[in-house]
Amino acid sequence: MKHTSLFFPKRIPSLFFIGLITILFSCQSDSEGGKTPLADADPIVLKTQYVNKVQQDNYFAFNLLKTTLKTEKQLNVFVSPISVSMALSMTLNGAKGETFDEMRNALYLSNYSLDEINDYNKTMREAILKIDPSTQIRIANSVWSKQGFPFESLFLQNNQDYYEAEINEKDFNDPNTLKIINQWCSEQTNKKIPKILDQIDPLAIMYLINAVYFKGIWVSQFEKKLTKDLPFYAENGEKELVPIMRQTGTFNLATDDNAAYIELPYGNKAFNMVIMLPHESKTTQDILNNINWNELTFSPRSINLELPRFKTECQYELQKQILPEMGMIQSFTPNADFRNISSSSGIYLSRVIHKTYIEVNEEGTEAAAVTAVEVDLTALPNSNPTAFIVNKPFVFVIRENSTGVILFAGKIGDVKK
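Residues numbered from 1 in each chain as written. Predicted model: local features only at pLDDT ≥ 70, side-chain atom pairs only at ≥ 80, totals over all residues. Heavy atoms only, no water.

Describe the confidence of the model for the protein chain, and please don't skip the residues or the numbers.
Residue-level pLDDT values for the protein chain average 90, and 90% of them are 70 or greater. This model gives residues 1–34 a pLDDT under 50, and the stretch forms 212 contacts once residues within four places in sequence are excluded. (pLDDT = per-residue confidence, 0-100. Contact = heavy atoms within 4.5 Å.)

So, in structure tokens, the structure goes:
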């Protein structure tokens, strides 16, 4: 597999979990109703051996986004790399042989043992949950197993110990089981993703689910009275009047040959959104094909910022094209080797369902993701502000600032009013 250079400058890249739902909420008020500045977050300090692990996670994040764009033809694409990586890492505990190697390579984890992968995911998850006390963050994992089926105790124990997964044994023939699983997803995502499963497959023996919910409040919020309808030039050539938020402030800015990059921080600045706006004659694909975070230098600038309000919901079945395109093939065939899930033969992955939600407005960002793996039986500013006008397709990520770990990534090709 060809690996291109994609990582954040002087920061450790990211981790991706299966089925992700995260909330970021960051804002405090003083007694007069004004906004009280928060102290900047302390950086997350990882073990030395995990520095490259985060870099590999960012490779995975951008590969997931690029592959999804390649195989899915929607104008808007939104994924949660950390959710997908977390869910697949949980599943990896059940794989052996060539199946294990393919999954590990697709996740860009080839240089790490299973124990290291599990420990890293545990370390990163716990750090993210504590990095911003003003922010509500939820990263939840669960395992739903078919009642009476013989599962390996070590597989279940690893998911409980390293991922704090809720272990639930249920009667898959009981209609209430479907309701219970969907209710769990709804609760973990603040009802933004109310349902992950339409049905329980008759051959299903297990579901491994990750959910992430994020609601972040901008450090510098947009005034609603300044929002007005302005043109947005969509990827399909259409021009539409959409609500564009506006403000002038100091933001970190970087540029390269393909795009301008701006950081919009949340809460105590532990998390931020990086918006990547292509230059004239360049496209979002040019950004993704050529981005090299090591060559970017962010510096504070006074910016006249215009950003559309937007909201999008996406759903993907990753097993159809996306994960096979990324090198994960055998897992979805009768030749899969998941004997660490159960000694029973004929176990394979039938579906990897990924649902996402994001809404960006004047106050901040709310985003959620759920990933479900279905296991079947065989089966300092300038005086003159710089303009940063987001009125055409753009790429963005939401990341933890000190490590660079990516929670969400997307491309917006159209904004509907």
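I'd love a proper account of the environment of T91, names of residues and values included.
Along the chain, T91 turns up in helix α2 (residues 81–92). Once the C-alpha coordinates of T91 and V375 are considered, the two residues, 284 residues apart in sequence, prove to be 9.1 Å apart. (Helix = DSSP H or I, 4+ residues; strand = E, 2+ residues; numbered from the N terminus.)

Requested: an account of helix α1 (residues 51–71), with residues and values cited.
Here α1 is 21 residues long and its end C-alpha atoms lie 31 Å apart, about the 30 Å a rise of 1.5 Å per residue gives. Counting buried positions along α1 yields 17 of 21 residues, so the element is predominantly enclosed. (Expected span 1.5 Å × (residues − 1). Buried < 20%, exposed > 50% of the residue type's maximum accessible area, 1.4 Å probe, protein only.)

Pulling in residues and values, what's your account of the packing of aromatic side chains?
Summed over the entire model, instances satisfying the criterion amount to 15 aromatic pairs. Between F149 and F151 the ring centres are 5.1 Å apart and the planes differ by 45°, which places this aromatic pair in the tilted class. The pair formed by F149 and F151 is uniform in burial state, with each residue classed as buried. Centre to centre, the rings of F214 and F271 are 6.1 Å apart; their planes meet at 80°, and the pair counts as edge-to-face. Taken together, the residues span a long stretch of sequence, with F214 in strand β4 (residues 204–217) and F271 in strand β8 (residues 271–278) at a distance of 57 residues. Residue F214 is classed as buried on the basis of its relative accessible area, which comes to 0%. Among the aromatic residues, those joined into a cluster by ring pairs are F78, F214, W218, F222, Y266, F271, F310, F394, F396 and F408. (Phe/Tyr/Trp six-rings, centres within 6.5 Å; stacked < 30°, edge-to-face > 60°.)

I'd like to hear about the pattern of salt bridges, residue by residue, with values.
Inspection of every chain in the model, using the stated rule, returns 19 salt bridges. Note that E223 is salt-bridged to K225, the shortest N-O span being 3.6 Å. In this structure, K392 and E280 form a salt bridge, with 3.8 Å as the shortest nitrogen-oxygen distance. A network of salt bridges, in which partner residues are shared, links E240, D414 and K416. (Salt bridge = Lys/Arg side-chain N within 4 Å of Asp/Glu carboxyl O.)

Pulling in residues and values, what's your account of the pairing of strand β5 (residues 228–233)?
As defined by bridge partners, β5 adjoins strand β6 (residues 239–255) across six bridges and the pair is classed as antiparallel. Paired with L230 across the strands is V242, a residue of β6. Once β5 ends, the chain turns through five residues before running back antiparallel as β6, passing G237 with a positive phi of about 95°. (Pairing = 2+ DSSP bridges.)

Which residues make up the side chain of T371, and what values go with them?
Within the fold, T371 resides in strand β12 (residues 364–377). Within the structure, T371 has its side chain in polar contact with the side chain of S83 (distance 2.7 Å). Only 2.8 Å separates the side chain of T371 from the side chain of H354, close enough to count as a polar contact. (Polar contact = N/O pair within 3.5 Å; in protein donor to acceptor, adjacent residues only side chain to side chain.)

Please provide a residue-by-residue account of unusual backbone geometry, values included.
Here K191, not a glycine, exhibits a phi torsion of approximately 70°, which is positive. Along the polypeptide, K191 turns up in the loop between α6 (175–188) and β4. When its relative accessible area of 66% is taken as the criterion, K191 is described as exposed. Of note in this structure, S281 is not a glycine but carries a positive phi near 75°. A relative accessible area of 70% means that S281 is categorised as exposed.

Go over the pairing of strand β7 (residues 259–266) with me, naming the residues and quoting the values.
Counting buried positions along β7 yields eight of eight residues, so the element is predominantly enclosed. Here β7 shows no split at all, with A259, Y261, E263 and P265 on one side and A260, I262, L264 and Y266 on the other all buried. Inspection of the sheet shows β6 paired to β7 by four bridges, in the antiparallel sense. Residue N252 lies in a different strand from β7, and its bridge partner there is E263. Connecting β6 to the next strand, β7, in antiparallel fashion are three residues. Looking at chain direction, β7 and β8 are connected through eight bridges and run antiparallel. Looking at the pairing, Y266 lines up with F271 of β8. Hairpin connection, β7 to β8: the antiparallel pair is bridged by four residues, and G267 has positive phi, about 50°.

Give a detailed account of the packing of helix α4 (residues 114–130) against helix α5 (residues 153–163), specifying residues and quantitative values.
The contact between α4 and α5 brings their axes to 8 Å, and the two run at 35°. Here I117, N118, D119, N121, K122 and R125 of α4 lie close against α5, whose contacting residues are N158, D161, Y162 and Y163. Taken together, the residues of the contact of α4 with α5 sort by class into three nonpolar, three polar and four charged. (Axes fitted to C-alpha atoms, helices over the stretch in contact; angles between N-to-C directions. Nonpolar A, V, L, I, M, F, W, Y, C, P; charged D, E, K, R; others polar.)

Help me get a handle on the sheet that holds β4, residues and values and all.
Ordered by their spatial adjacency, six strands build an open sheet running β3-β2-β4-β12-β11-β10, and the pairing between neighbours is mixed. A strand with exactly one partner marks an edge of an open sheet, and here the two such strands are β3 (166–170) and β10 (310–317). Geometrically, the sheet is characterised by an average inter-axis angle of 10° between neighbouring strands, direction not taken into account. Taken together, the 13 bridges between β4 and β12 define a ladder with antiparallel strand orientation. In the sheet register, L208 faces β12, and the bridge partner there is V373. In the packing of α2 onto the sheet, the strands contacted are β2 (137–146), β4, β11 (347–360) and β12, and the crossing angle to β12 comes to about 25°. Across the face of the sheet, α5 comes into contact with β2, β3 and β4 while running at roughly 5° to β4.

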